[in-house]
Amino acid sequence: MLKNKRQLFWLLQLAGWSGWAMSFYLGVIMWGSPPERYYFYLPLIATIGMLLTLALRALYRHMWEMELTRRIVVIVAGSYAAGLVWMATRATLFHQLYPEARKAAERHGMELLSYFDGAVSAFWVMLVWSALYFGIKNYMLAQEEKERVLKALSMAHEVKLKMLRYQLNPHFLFNTLNAISTLILDKNNALANVMVTRLSRFLRYTLDNDPMQKVTVANEVEALRLYLDIEKVRFDERLQLHFEVQDEVLEALMPSLLLQPLVENSIKYAIAHAVNGGYISVKAYQEGQRLCLQVADDGPGLAPGSKAAEGNEGVGIANCRERIQEIYGEQQAFELSTTDPHGLTINIGIPLEFGSRDS
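Residues numbered from 1 in each chain as written. Predicted model: local features only at pLDDT ≥ 70, side-chain atom pairs only at ≥ 80, totals over all residues. Heavy atoms only, no water.

Examining the packing of aromatic side chains
Overall, the coordinates contain 14 aromatic pairs when judged by the stated rule. The structure contains a cluster of three or more aromatic residues connected by ring pairs, namely Tyr60, Trp64, Trp129, Tyr133 and Phe134. Positioned over the ring face of Phe243 is Arg225, at 4.1 Å from the centre of the ring. (Phe/Tyr/Trp six-rings, centres within 6.5 Å; stacked < 30°, edge-to-face > 60°. Lys NZ or Arg CZ within 6 Å of the ring centre and 35° of its normal.)

The structure is reproduced here in structure tokens:
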């Protein structure tokens, strides 16, 4: 950033003073032909003017934190002093290179008037340079501040999404480890080993996937099956699963592990509390330019006073709702409804995306 600012400063310096020299030269040839060695004199006075603005730049850096009134006084005084020095240097060089022009001015009594006009012109050049310097510097500082604010917001957004994504429900881990412990006590070591292996695969998947990256629907379904393989060991035939995923959306992109908390919610309220268990249905399909996701169960659903009704806005569902709100804003939909004849259905609609997974 610092290197780029320096490069920009020198680029603007060279462009500005080259433009001044060119406009000054055009003004001279409009009133006649330039004198000899003018090709040496004009670049030289432009270089001297540029060196004086470097001194102004150092002065302005020193007084940058001053109050506005004092800064204005310093700018005007600095520009006036630089203009006088520049004009005195120009006059000295001009008279050294073109002594006949000085004698002609003295004969007509125009030397003092010519110097005064030149000093006023030089002052305005320095004042315009100062105004441009402050204008460009303030603009760049404003842009840097804007970038810092946007970066801070982006970092806060990223942290929030990662926090939401890593909120693995402790009930799931507790129940799984408790089930493994029970299998070990019952000396069913083979099944306990299977459950540990499936748990490690699922946890590895959750840690290996960056929450800021999106995954394909196919990958999300695969991760969901890893999770449900663990729950299948706990509930066996009490847990009936149904997947319905359109081939057209297998490569569509979605936030990773978005559906797992929703399925966990269904297991907690629809399966675990039912003597005969129940079913969970997961669907993914395309509807226009939207990817539609659905998780449904046949539990107590939204019945008043039911555990499902009380828990519908618990960590799992609230987490998912907030995640897609953070990612998609107003382009998403998240709805809870009743499964026919009973149960809970969660419908999610997000923009249909294909392509790179790190979007």
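Past the structure itself, the notes keep going.
Comments concerning a nonpolar patch on the surface
On the surface, a cluster of nonpolar side chains totalling about 500 Å² of accessible area is made up of Leu8, Leu11, Leu12, Val128, Leu132 and Ile136. Of all the secondary structure elements, the ones that give two or more residues to the nonpolar patch are α1 (2-30) and α5 (111-165). Along the chain, Leu12 turns up in helix α1. (Patch = residues over 30% accessible without salt bridge, like charges linked within 9 Å, V, L, I, M, F, W, Y side chains within 5 Å. Areas by Shrake-Rupley, 256 points an atom, 1.4 Å probe, with all protein chains shown as cover. Salt bridge = Lys/Arg side-chain N within 4 Å of Asp/Glu carboxyl O. Helix = DSSP H or I, 4+ residues; strand = E, 2+ residues; numbered from the N terminus.)

Side note on the packing of helix α2 (residues 38-62) against helix α3 (residues 68-97)
In contact at an axis separation of 10 Å, α2 and α3 are set at 155° when each is read in the N-to-C sense. Classed by the angle they form, the pair α2 and α3 counts as roughly antiparallel. The way α2 lies across α3 gives a crossing that is right-handed. Contact residues: Phe40, Tyr41, Leu44, Ile45, Ile48, Gly49, Leu52, Leu56, Leu59 and Tyr60 in α2; Val74, Ile75, Gly78, Ser79, Ala82, Val85, Trp86, Thr89, Arg90, Leu93, Phe94 and Leu97 in α3. The residue makeup of the contact of α2 with α3, split by class, is 17 nonpolar, four polar and one charged. (Axes fitted to C-alpha atoms, helices over the stretch in contact; angles between N-to-C directions. Parallel < 35°, antiparallel > 145°, perpendicular 65-115°, else oblique. Left-handed = near helix turned anticlockwise from the far one by under 90°. Contact = heavy atoms within 4.5 Å. Nonpolar A, V, L, I, M, F, W, Y, C, P; charged D, E, K, R; others polar.)

Describing helix α8 (residues 217-235)
Over its 19 residues, α8 runs 26 Å from end to end, which matches the ideal 27 Å to within 8%, given 1.5 Å per residue. Asp236, located one to two residues past α8, shows a positive phi value of around 50°. (Expected span 1.5 Å × (residues − 1).)

Brief notes about the environment of Leu51
As for its placement among the helices and strands, Leu51 is situated in helix α2. In this structure Leu51 comes out as exposed when scored by relative accessible area, which is 51%. In sequence terms Leu51 and Ala82 are 31 residues apart; their C-alpha atoms lie 10.0 Å from each other. (Buried < 20%, exposed > 50% of the residue type's maximum accessible area, 1.4 Å probe, protein only.)

Regarding unusual backbone geometry
Residue Pro341 follows Asp340 across a cis peptide bond; omega there is 5°. Residue placement: Pro341 occurs in the loop between β6 (333-338) and β7 (344-351). The phi dihedral of Lys187 is positive, around 60°, even though this residue is not glycine. As for its placement among the helices and strands, Lys187 is situated in the loop between α6 (170-185) and α7 (189-208). Backbone geometry at Leu257 places phi at a positive 50°, although glycine is not the residue there.

Some remarks on the pairing of strand β5 (residues 290-297)
Among the eight residues in β5, seven count as buried, and that is most of the element. Strand direction decides the pairing type here: strand β4 (residues 278-287) and β5, joined by eight bridges, are antiparallel. Looking at the pairing, Glu287 lines up with Arg290 of β5. What sits between the antiparallel neighbours β4 and β5 is a turn of two residues, in which Gly288 has the positive phi angle 65°. Inspection of the sheet shows β5 paired to β7 by seven bridges, in the antiparallel sense. Following the sheet pairing, Gln294 is matched in β7 by Asn347. (Pairing = 2+ DSSP bridges.)

Considering the packing of α8 against helix α9 (residues 260-271)
The N-to-C vectors of α8 and α9 enclose an angle of 25°; their axes lie 10 Å apart at closest approach. For the element pair α8 / α9, the angle class is roughly parallel. The two elements α8 and α9 cross, and the hand of that crossing is right-handed. Counting all contacts with α8, which are made through Glu220, Leu224, Tyr227, Leu228, Glu231 and Phe235, the residues of α9 involved are Gln260, Val263, Glu264, Ile267 and Ile271. Its residues assigned to classes, the contact of α8 with α9 comprises seven nonpolar, one polar and three charged.

Things to note about the side chain of Ser281
Inspection of the secondary structure assignment puts Ser281 in strand β4. Judged by its relative accessible area of 6%, Ser281 falls in the buried class. Apart from the residues within four sequence positions on either side, Ser281 is in contact with His242, Gln294, Val295 and Ala296.

Quick word on the pattern of salt bridges
In the structure shown here, the tally under the stated rule is one salt bridge. Between Lys214 and Glu353 there is a salt bridge, with its nearest N and O atoms 2.8 Å apart. Pair noted here: Lys214 is in strand β1 (residues 214-216) and Glu353 is in the segment after β7, with a separation of 139 residues, a long-range link.

Let's talk about the environment of Tyr133
Secondary-structure assignment places Tyr133 in helix α5. For the pair Tyr133 and Arg57, spaced 76 residues apart in sequence, the C-alpha separation works out to 8.1 Å. Ignoring any residue separated from it by four or fewer positions in sequence, one finds Tyr133 in contact with Phe9, Arg57, Tyr60 and Arg61.

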